[in-house]
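Letter by letter, the chains look like this.
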Amino acid sequence: MSGAILERTESLCPVCLAVLPAEIRRSGEDALLCRRCPEHGEFKEIIWRGPPDFESWKRPKPPAAGVKRQTERQRGCPFDCGLCPEHGQHPCTVLFEITGRCNLTCPVCFAGSGKEDSPGSPPFSDLAALIPQLRRIREQAGPIVLQLSGGEPTLHPRLAELTAAAARLFPAVQLNTNGLLLAGKPGLAKRLAENGLSWVFLQFDGVRESSFEILRGRPLLKTKLAALEACAEAGLGVILVPTVAAGVNDGELGDLVRLAVNTPGVRGVHIQPMTSSGRNSLPGPEHRLTLPEVLRRLEEQTDGLLRPEDAFPPGCEHERCSFHLRYRRLPGGKLIPRPGGNACCSPDCRAGDTASAAPEESSANRDRAVEIILKSWKAPERPPSGTALPMAGSEKADVFDEFLELARKETFSVTAMAFQDVWTADLARLRGCCVQVFRPPDRFIPFCAMNLTRADGKALYSRTEA
Amino acid sequence: MEHRLPEIKAGGWICRKCRKPLESRAVEITYMGSSFKVELPGCPECGFTFIPPELAEGKMLEVEKLLEDK
């Protein structure tokens, strides 16, 4: 294999899942994950295409201390999830899959959900079985963001009660939904908001019906817009979550950001480039969209409003798993980035220089991450009617308080998370994962391990077996 | 609009460069699309404005943290 070695790690054989030593090698402006299986030969997969340069994108963190383990080491990473003693990060977000049923049959579902519950999943309407599981998550994972997921969680007949129970245990409850019932069931969004739902992660692939037809099997734009309206009326924060594939809907990212910025209640866009897992199947490596390409698409499609130099690697998950752009949104849709972007106050100050920064403490970052997610995505509290903002010059507040009060309501984020599949699997990233799926009775499986399937489609962790 | 920040007083500070006592003066702060006027201690000679640590590490830091990344 040619090209300078940028980093050494471990990966998997896509055919047999053998753990293999791997090298990240430079190929022009790109980076490839390279490994050789003694049985199945050489595999090279693109993981980084173009600027910002792979080597400039750093945010080192040592393994976190005090991570709660639920499994012993037997076969080693990634077969002992989890969390096993090799895992290096606490969860900041835990997915609780409350049903395997779904009211869409998306051609690209990584979870392989369908009309019926899968064997081994909890009885559909059994609230009594789910509450102790919520408690178990709280006990093991701590004060995290709980994501109610599925399947399609709004199909659960006891969702409102479950939301209320979750809201009593966790600082934030996020609903991961396709939005069909939020749009079609009057009062649902309001009831969930009243029961303590913090915000909605709304699957929203683009602004053209053709994208919904390809990715979801039918036109859905009007339904999605109706869901947005219902959430705004209910006072719920919404994050638009597009699944993006090159050549399908990557030309709509700018329009989607514009739609988000101009829609009341939408706090951000969270972009998820498509992987090859479950029913999700990229037609070829040319359809894989890497993080730097997402950043460049955003810049091109927003006439430079969103700039790659304003993006930060994450402090919680592994540096190559996501990017974060944070803004103040002014009336009229103007976005103001954090002053200085990735640079800082003076040439000597390295406070914002992530590439040369010292390693950060992972566990502290997890707590901070939960706090920041909460601040970024929850709809701002509405002051009781008749309550005026504190006046500057009064004893209680000054001009900075006024500014804070205003700006808190106006933050807007554009983030992307690059999930891994068997072709891009990097075990260093997997061990640094903070987004985990709860598997009863008490296992926490990193999201990308939970959804990883071999080249022939067989899952590393089956959803149909206990 | 001008605002006096009650906790910040000019008294006792001297400009290192000009050796003049600092005086309370109106300063316009521009930050992320908003500008507002506040009274802060400054040098009447060179115009240098002093931001006391309690403001830099208090309210200003809080403003900065609004947009910190995860």
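Residues numbered from 1 in each chain as written. Chains lettered and ligands numbered in written order. Predicted model: local features only at pLDDT ≥ 70, side-chain atom pairs only at ≥ 80, totals over all residues. Heavy atoms only, no water.

Asker: How do you make sense of the nonpolar core when you look at a structure like this?
Answerer: Looking at soluble globular proteins, one finds that nonpolar side chains tend to be buried together. All names here are of chain A. Counting 86 residues, the largest nonpolar core has Ile-137, Leu-240, Leu-298 and Phe-323 as the members making the most contacts within it. Among the elements that make up this core, the one with the highest residue count is helix H1 (residues 127-141) (6 residues). The residues contacting Leu-298, other than those within four sequence positions of it, are Leu-253, Val-257, Ile-271, Leu-306, Phe-323, Leu-325 and Val-414. In this structure, Cys-77, Phe-79, Val-241 and Val-437 belong to the second largest nonpolar core, which totals 36 residues. (Core = buried A, V, L, I, M, F, W, Y, C linked by side-chain atoms within 4.5 Å. Buried < 20%, exposed > 50% of the residue type's maximum accessible area, 1.4 Å probe, protein only. Helix = DSSP H or I, 4+ residues; strand = E, 2+ residues; numbered from the N terminus. Contact = heavy atoms within 4.5 Å.)

Asker: When you look at the packing of aromatic side chains in this model, what are you seeing that I'm missing?
Answerer: All names here are of chain A. Taken as a whole, this structure holds 8 aromatic pairs over all chains when the rule is applied. A centroid spacing of 6.1 Å and a plane angle of 70° characterise the contact between Phe-204 and Phe-212, whose relative ring orientation is edge-to-face. Note on Phe-204: relative accessible area 0%, which makes it buried. On the basis of relative accessibility, which here comes to 0%, the residue Phe-212 falls in the buried class. Through a chain of ring-to-ring contacts, the aromatic side chains of Trp-48, Phe-54 and Trp-57 assemble into a single cluster. (Phe/Tyr/Trp six-rings, centres within 6.5 Å; stacked < 30°, edge-to-face > 60°.)

Asker: Quick question: what am I supposed to make of the pairing of strand S14 (residues 411-417) of chain A here?
Answerer: Remember that side chains alternate between the two faces of the sheet whenever the strand is regular. Residue and element names in this part refer to chain A. Counting buried positions along S14 yields 7 of 7 residues, so the element is predominantly enclosed. As paired elements, strand S11 (residues 266-273) and S14 share 4 bridges and run parallel to each other. What sits directly across from Ile-271, in S14, is Ala-416. By the bridge criterion, 7 bridges tie strand S12 (residues 322-330) to S14 in an arrangement that is antiparallel. Within S14, the position partnered with Arg-326 by the bridge is Ser-413. (Pairing = 2+ DSSP bridges.)

Asker: What is the right way to look at the pattern of salt bridges in this model?
Answerer: Within the structure shown, the criterion is met by 30 salt bridges over all chains. Beyond isolated ion pairs, a larger network of salt bridges with shared partners links A:Glu7, A:Lys58, A:Glu319, A:Arg320 and A:Asp426. (Salt bridge = Lys/Arg side-chain N within 4 Å of Asp/Glu carboxyl O.)

Asker: Even after reading the chapter, I still don't get the sheet that holds strand S1 (residues 5-12) of chain A, so can you show me in this structure?
Answerer: What holds strands together in a sheet is hydrogen bonding between their backbones, with the strands either parallel or antiparallel. Residue and element names in this part refer to chain A. A sheet is described by the order of its strands in space; here 4 strands give the open sequence S1-S2-S3-S4, paired in antiparallel fashion. Looking at strand neighbours, the two that pair on one side only are S1 and strand S4 (41-48), the edges of this open sheet. Taken pair by pair, the neighbouring strands of this sheet meet at an average axis angle of 30°, ignoring direction. Pairing of strand S2 (residues 19-27) with strand S3 (residues 30-37), which is carried by 6 bridges, proceeds in the antiparallel orientation. The residue bridging Arg-26 from the neighbouring strand is Ala-31, located in S3. (Axes fitted to C-alpha atoms, helices over the stretch in contact; angles between N-to-C directions.)

Asker: I would appreciate a short explanation of the interface of chain B and chain A in the present structure.
Answerer: The extent of an interface is frequently quoted as the accessible surface area lost upon association of the parts. Contacts between the two partners involve 21 residues from chain B, matched on the other side by 33 residues from chain A. Between chain B and chain A, a total of about 2,700 Å² is buried, with carbon and sulfur atoms accounting for 66% of that surface. Counting every contact that joins chain B to chain A gives 1 salt bridge. The shortest N-O distance in the salt bridge between B:Lys59 and A:Asp401 comes to 3.5 Å. (Buried area = accessible area lost by both parts, 1.4 Å probe.)

Asker: How do you make sense of helix H2 (residues 159-169) of chain A when you look at a structure like this?
Answerer: Think of an α-helix as turning once every 3.6 residues; residues three or four places apart then point the same way. Buried within H2(A) we find A:Leu159, A:Ala160, A:Leu162, A:Thr163, A:Ala164, A:Ala165 and A:Ala166. Elements in contact with the buried residues of H2(A): H1, strand S6 (145-149), strand S7 (172-177) and helix H4 (188-194) of chain A.

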